[in-house]
Amino acid sequence: MAFWDYANPTRFLRLVHVVLPWLTGLCVLAFAAGLYMSFFTAPEDYQQGDTVRIMYIHVPAAWLCMMCYTVMSISSIGTLVWKHPLADVSAKSAAPIGAAFTFMALVTGSLWGKPMWGTYWVWDARLTSVLVLLIMYLGLMTLWRTMEDPIKAGKAAAVLTLVGALNLPIIKFSVDWWNTLHQPASVVRMDGPTIHPDILWPLLVMAIAFTLLFFVLHLMAMRNEILRRRVRALRLRAASASHPGAAAATAQPAE
Amino acid sequence: MDLGTHAGFIVASYALCALTIGGLIAWVRLDKANQERDLKELADQGISRAASGFGSTRKS
């Protein structure tokens, strides 16, 4: 079966039904291993002490808030270029999850910053660009809710999502382009990670756990969105059958 | 376990993440229950995909 066959929502729902329990199990195992390593095998940092343990949730949340927006951007291309029926379902479903990961990254970063930097917040390029990302997520969620027709909303949101994607390289390279209080990259670098393996491995396991969590939640949210659109389509069909010509007046919002 | 002098910041960070992730899980589960309830109510009124002539391979 080709990838494009999963453009059919019914087939996609069957696939989700099979895949979801396995992904959920893997996610729980990864979190159990990651949290055990974060608290019981990873050593204290020689400068930061135990506060380095905040990194095991802050960094994966920060990676995932960018990955989620990347998924939304790819989905938006699918909406605008190929009109893939699941593309805007994917983008819409990912937005609240991305907003939650961005919120986690900002707040855990702030809670890490206070004891290490002496302040909860500075308007440096990294922190500000991630805050802009959170505002983008919230704006997109609002846009989807303000338009009744999910197809029209999907197209408008796709354009805005792709404009907002310009922020992704700014977030990634902000610590190189400007002087920031936030430290430069120490894992994803051309010359390899600068973190000791005892600290790096728990971080990578937690990153896998967060990634699996994203896919579990995204698939569940996509399934819900497909069901929501079915409810809407059935209500519209019933309304047009009982009151021909008045379907537009009785149209239900997608949410 | 001794988390040192900044234990409050560490515990607050993990608690916030647990709450946020718990909220996300509750949201998707509640949303699924709502959509399934709406579909069932429509089906009880005789409004279903099968009755509307939707085939299993058609886009909804």
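Definitions and limits used
Residues numbered from 1 in each chain as written. Chains lettered and ligands numbered in written order. Predicted model: local features only at pLDDT ≥ 70, side-chain atom pairs only at ≥ 80, totals over all residues. Heavy atoms only, no water. UniProt positions renumbered as here; feature names shortened; annotations may be inferred. Helix = DSSP H or I, 4+ residues; strand = E, 2+ residues; numbered from the N terminus. Buried < 20%, exposed > 50% of the residue type's maximum accessible area, 1.4 Å probe, protein only. Contact = heavy atoms within 4.5 Å. Salt bridge = Lys/Arg side-chain N within 4 Å of Asp/Glu carboxyl O. Polar contact = N/O pair within 3.5 Å; in protein donor to acceptor, adjacent residues only side chain to side chain. Nonpolar A, V, L, I, M, F, W, Y, C, P; charged D, E, K, R; others polar.

The name that an unreviewed UniProt entry assigns to chain B is Heme exporter protein D, with the source organism given as Roseibium aggregatum. Reading the Function (unreviewed entry) entry of the UniProt record for chain B gives the comment "Required for the export of heme to the periplasm for the biogenesis of c-type cytochromes." UniProt's Subcellular location (unreviewed entry) comment on chain B is quoted here verbatim: "Cell inner membrane".

Chain A has the name Heme exporter protein C in an unreviewed UniProt entry, where Roseibium aggregatum is given as its organism. Word for word, the UniProt comment on chain A under Sequence similarities (unreviewed entry) is "Belongs to the CcmC/CycZ/HelC family." Of chain A, the UniProt comment under Function (unreviewed entry) reads exactly: "Required for the export of heme to the periplasm for the biogenesis of c-type cytochromes."

Thoughts on unusual backbone geometry
Residues and elements named next belong to chain A. Residue lysine 83 is not a glycine yet carries a positive backbone phi of 50 degrees. Within the secondary structure layout, lysine 83 lies in the loop between α2 (55–82) and α3 (87–117). On the basis of relative accessible area, lysine 83 is assigned to the exposed category, the value being 58%.

Things to note about the interface of chain A and chain B
Facing 44 residues of chain A, the contacting portion of chain B comprises 36 residues. At the boundary of chain A and chain B, one finds two salt bridges. Here B:Asp31 makes a salt bridge to A:Arg228, at a shortest N to O gap of 2.9 Å. Taken together, chain A and chain B are joined by three residue pairs in polar contact (both at pLDDT 80 or more). Secondary structure elements with two or more residues in the side of chain A that touches chain B: α1 (9–41), α2, α3 and α7 (197–242) of chain A. It is α7(A) that contributes the most residues to the side of chain A that touches chain B, 15 residues altogether. For the side of chain A that touches chain B, the class distribution of residues is 28 nonpolar, seven polar and nine charged.

Things to note about the UniProt feature "transmembrane region" (unreviewed entry) in chain B
In the numbering adopted here, UniProt assigns the feature "transmembrane region" (unreviewed entry) to residues 6–30 of chain B. With 96% helix and 0% strand, residues 6–30 of chain B has end C-alpha atoms that lie 36 Å from one another.

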